[in-house]
Amino acid sequence: MRVTHPFHPLFARQLLCIGRRYNRHGERVLLQADDTAVWSIPPQWTDLVSLDPEVILGNGRALLRVADLMELADLVGRISGKSATRLHGDL
């Protein structure tokens, strides 16, 4: 299968899929890059899964989906809140 994520070091390389597994991050595919290296990546980063309709409609104008940006904003807000609480607690 081919790695389709534009920022992955193996982008556009055709690799042998040697297995699948599930961990706390969800489903992963195991791709063999050479005789010793095995990469564990989400299937969404390969041509195994069809492109997200939101990405197709964006026609290259956006690299992230709205849902992903919302989740990132929530995470940044939680981290910022924890950092601010820790900072004020030290005073």
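Residues numbered from 1 in each chain as written. Predicted model: local features only at pLDDT ≥ 70, side-chain atom pairs only at ≥ 80, totals over all residues. Heavy atoms only, no water.

To continue, consider the overall build of the chain. Assigned secondary structure in the chain consists of two helices and three strands. Secondary structure elements of the chain, listed N to C terminal, follow the sequence β-β-β-α-α. Counting all 91 residues of the chain, 16% fall into the buried class. Residue pairs in contact within the chain that sit at least 24 positions apart in sequence constitute 27% of those at least 6 positions apart. About 7,200 Å² of surface is accessible on the chain, with carbon and sulfur atoms providing 60% of the total. (Helix = DSSP H or I, 4+ residues; strand = E, 2+ residues; numbered from the N terminus. Buried < 20%, exposed > 50% of the residue type's maximum accessible area, 1.4 Å probe, protein only. Contact = heavy atoms within 4.5 Å. Areas by Shrake-Rupley, 256 points an atom, 1.4 Å probe, with all protein chains shown as cover.)

Our next topic: the pattern of salt bridges. Applying the stated criterion across every chain, the model contains two salt bridges. D74 is the partner of R78 in a salt bridge, and the nearest nitrogen-oxygen pair spans 3.4 Å. Taken together, the residues R78 and D74, both in helix α2 (residues 66–89) and four residues apart, mark about one turn of the helix. The class of D74 is partly exposed, set by a relative accessible area of 44%. (Salt bridge = Lys/Arg side-chain N within 4 Å of Asp/Glu carboxyl O.)

Once that is clear, we can look at the sheet that holds strand β2 (residues 26–32). In a beta sheet, neighbouring strands are held together by backbone hydrogen bonds and run either parallel or antiparallel to one another. Taken together, the three strands give an open sheet; going across it, the order is β1-β2-β3, and neighbouring strands pair in antiparallel fashion. Two strands bound the open sheet, and with one partner strand each, they are β1 (16–23) and β3 (38–41). Taking each pair of neighbouring strands and ignoring which way they run, the sheet shows an average axis angle of 25 degrees. For β2 and β3, the ladder comprises four bridges, and the chain directions are antiparallel. Note that in β3 the partner of Q32 across the bridge is V38. (Pairing = 2+ DSSP bridges. Axes fitted to C-alpha atoms, helices over the stretch in contact; angles between N-to-C directions.)

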